[in-house]
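These are the residues of each chain, in order.
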Amino acid sequence: MPVTCDYSRRVRRALITGITGQDGQYLAELLHSKNYEVFGLIKGQNNPRIDLIRTEFPFVELVSADLQDLSSLVAALEQVQPDEVYNLGAISFVALSFKQAELTANVTGLGVLRLLEAIRMVGGSSGNRIRFYQASSSEMFGKVRESPQTESTPFYPRSPYGCAKVFGHDITVNYRDSYGLFACSGILFNHESPRRGIEFVTRKVTNAVARIKLGLQETLALGNLDPRRDWGFAGDYVQAMWQMLQQDEPGDYVVATGHTHSVRDFVDAAFRHVGLDDWERFVLQDPRFFRPAEVDVLVGDATKARTELGWKPQVDFESLVAMMVDHDLNLEAGKAGIELP
Ligand code: GDR
């Protein structure tokens, strides 16, 4: 059951890496609604997404640092003095990780180690005060050893991204065991929303379906339609992140819906939502979007999150598809100056 910690000394502060991503945005909103002071780590000199955060999330205070630079992380922690650190920053696109494997290992893997080290260094004797959340991933299960996957299912990653996430997960557990850090790892299965980047398959599909329906695009090129994923709504999943850090003891939790659908199912549902029942007419298969190694089927068992955190998903598959397609219809119609009926 949910446990509330006593942080009554002052307003709680949270530092989020990956603030410009889908999960960073939902988590920032959630923490703001709970009266946290929210800080977002931002890297680079001219990060193109700073403007989005400044305009749409004016309550977020941006702090400059990079997961590849330990001293910048130490400085950020010293400045913010956070109660909670959420590490959502990563090279998160699996396909890209095959092309930039070393960068992925450095940011997605070693970045976790640097942040944990920075927490130890800054915290000193009071280092245990900072609560740490690591965004682990169902990609760690890869070529699955059992179904559904739980917190104790062995890992078999299938991409440089998955390998880097395994390191990030293991080092989080190791720092908890070795130094008593309050470090949690959320093993999140795929989670989507209208804020999902267009490179991921769900948003790529919903955006193309909207454009095809509006007559702005004729076809949609995809890779492998057979892989199955356990797709949930990102807004639900950030709740679980927060709940993990409110427990008496740190732990690892699978966060998933328990239902699996193929890419083909997603495509079919998205086209049907706009009244196009013959999706095969519009979809082409393009070898460029196939991966050197694929994760064929994922489905999670979130019993632990349900019983210990009281968490459960609110949005089902069909509603998620509808939410994303409707958003993209409005977005694309607005951009093209088309009035929707
Ligand atoms: P995934 O998400 O790799 O599961 O990782 P993605 O949406 O990229 O791919 C899902 C599946 O769809 C297949 N696919 C395509 N994928 C993309 N991107 N583009 C295509 O054209 C296409 N055609 C078919 C893929 O091969 C794959 O099987 C996501 C990321 O958010 C990770 O960061 C996160 O850790 C995991 O989910 C959980």
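Residues numbered from 1 in each chain as written. Predicted model: local features only at pLDDT ≥ 70, side-chain atom pairs only at ≥ 80, totals over all residues. Heavy atoms only, no water.

### Re the nonpolar core
As a reminder of what qualifies: We call a set of buried Ala, Val, Leu, Ile, Met, Phe, Trp, Tyr and Cys residues a nonpolar core when their side-chain atoms join them within 4.5 Å. Burial classes: relative accessible area under 20% of the type maximum marks a residue as buried, over 50% as exposed, and values in between as partly exposed (1.4 Å probe, protein chains only). As used throughout, domain bounds are those supplied by an automatic or database domain assignment. Any two residues having at least one pair of non-hydrogen atoms within 4.5 Å are treated as being in contact.
Ranked by internal contacts, the top residues of the largest apolar core, which has 75 residues, are I16, L27, L31, Y86, Y133 and F271. Summarising the domain contributions, this core has at least three residues from each of domain 1 (13–192 + 234–255) and domain 2 (201–229 + 260–294 + 315–336). Those residues within four positions of F271 in sequence are excluded, and the remaining contacts are V209, I212, L220, L276, W279, F282 and V283.

### A look at helix α5 (residues 101–123)
Spelled out, the test is: Helical segments are the DSSP runs of H or I of at least four residues, strand segments are the runs of E of at least two, and each set is numbered from the N terminus. Expected helix span is taken as 1.5 Å per residue step, with the number of steps being one fewer than the number of residues. What the bend at a residue measures is the angle between two axes, fitted to the seven residues ending there and to the seven starting there.
Taking 1.5 Å per residue as the helical rise, α5 with its 23 residues ought to reach 33 Å, and the 32 Å between its terminal C-alpha atoms agrees with that figure. L110 marks where α5 bends most, by close to 45 degrees. For α5, the set of buried residues is T104, V107, T108, G109, G111, V112, R114, L115, L116, A118, I119 and G123. Summarising the contacts, the buried residues of α5 are in contact with β1 (13–17), α3 (70–80), β4 (84–87), α4 (94–99), β5 (131–137) and α6 (160–179).

### Let's talk about the site of the ligand
Threshold: Put simply, a residue is near a molecule or strand once any heavy atom of it comes within 4 Å of that molecule or strand. N or O atoms within 3.5 Å of each other form a polar contact, as long as, within protein, one can give a hydrogen and the other can take it, and as long as residues adjacent in sequence are counted only when both atoms are side-chain atoms. A 1.4 Å probe and the Shrake-Rupley method give the accessible areas. Residues count as covered only by the protein chains that appear here.
Near the ligand, the surroundings consist of 23 residues, among which S92, S137, Y161, R291 and E294 are the closest. N190 is positioned such that a nitrogen or oxygen atom in its side chain is 2.8 Å from an oxygen atom of the ligand. Between an oxygen atom of the ligand and a side-chain N or O atom of K204, the distance comes to 2.7 Å. If the ligand stood free it would expose 700 Å²; the protein chains cover 96% of that surface. Residue assignment places the shell around the ligand across two domains, with domain 1 (13–192 + 234–255) and domain 2 (201–229 + 260–294 + 315–336) each supplying three or more.

### Thoughts on empty space enclosed by the protein
Put simply, the test is: Using a 1 Å grid laid over the protein atoms alone, points where a 1.4 Å probe fits but cannot get out form a cavity; open sets with protein on both sides within 12 Å along at least 5 of 7 lines form a pocket; any residue with an atom within 4 Å of a point counts as lining. Grid points are joined across faces, edges and corners, and a volume is the space filled by probe spheres set on the points. Under the convention adopted here, Pro, Cys and the residues Ala, Val, Leu, Ile, Met, Phe, Trp and Tyr are nonpolar, Asp, Glu, Lys and Arg are charged, and Gly plus all remaining residues are polar.
This structure, assessed with the given rule, holds one cavity of 30 Å³ or more. As a volume, the largest cavity reaches approximately 30 Å³. Lining the largest cavity are V94, F98, E139, R158, S159, R229, R291, A293, E294 and V295. For the lining of the largest cavity, the class distribution of residues is four nonpolar, one polar and five charged. Counting contributing residues, the lining of the largest cavity receives three or more from each of domain 1 (13–192 + 234–255) and domain 2 (201–229 + 260–294 + 315–336).

### Here's the deal with the domain arrangement of the chain
Let me state the cut-off plainly: Buried area is calculated as the accessible area (1.4 Å probe) missing from two parts once they are joined, with the contributions of both summed. Between Lys or Arg on one side and Asp or Glu on the other, a salt bridge is scored when a side-chain nitrogen of the former is within 4 Å of a carboxyl oxygen of the latter.
Entries for the chain in the domain assignment read domain 1 (13–192 + 234–255) and domain 2 (201–229 + 260–294 + 315–336). For domain 1 and domain 2, the distance between their C-alpha centres works out to 29 Å. Taken together, the contact pairs nine residues of domain 1 with nine residues of domain 2. Both sides together, the interface formed by domain 1 and domain 2 hides about 820 Å², and carbon and sulfur atoms give 53% of it. Ranking the residues of domain 1 by area buried against domain 2 places F98, R158 and E192 at the top, with a combined share of 56%. Applying the counting rule to domain 1 against domain 2 returns one salt bridge. At the junction of domain 1 and domain 2, the tally comes to three residue pairs in polar contact (both at pLDDT 80 or more). Taken together, the residues of the side of domain 1 that touches domain 2 sort by class into four nonpolar, one polar and four charged.

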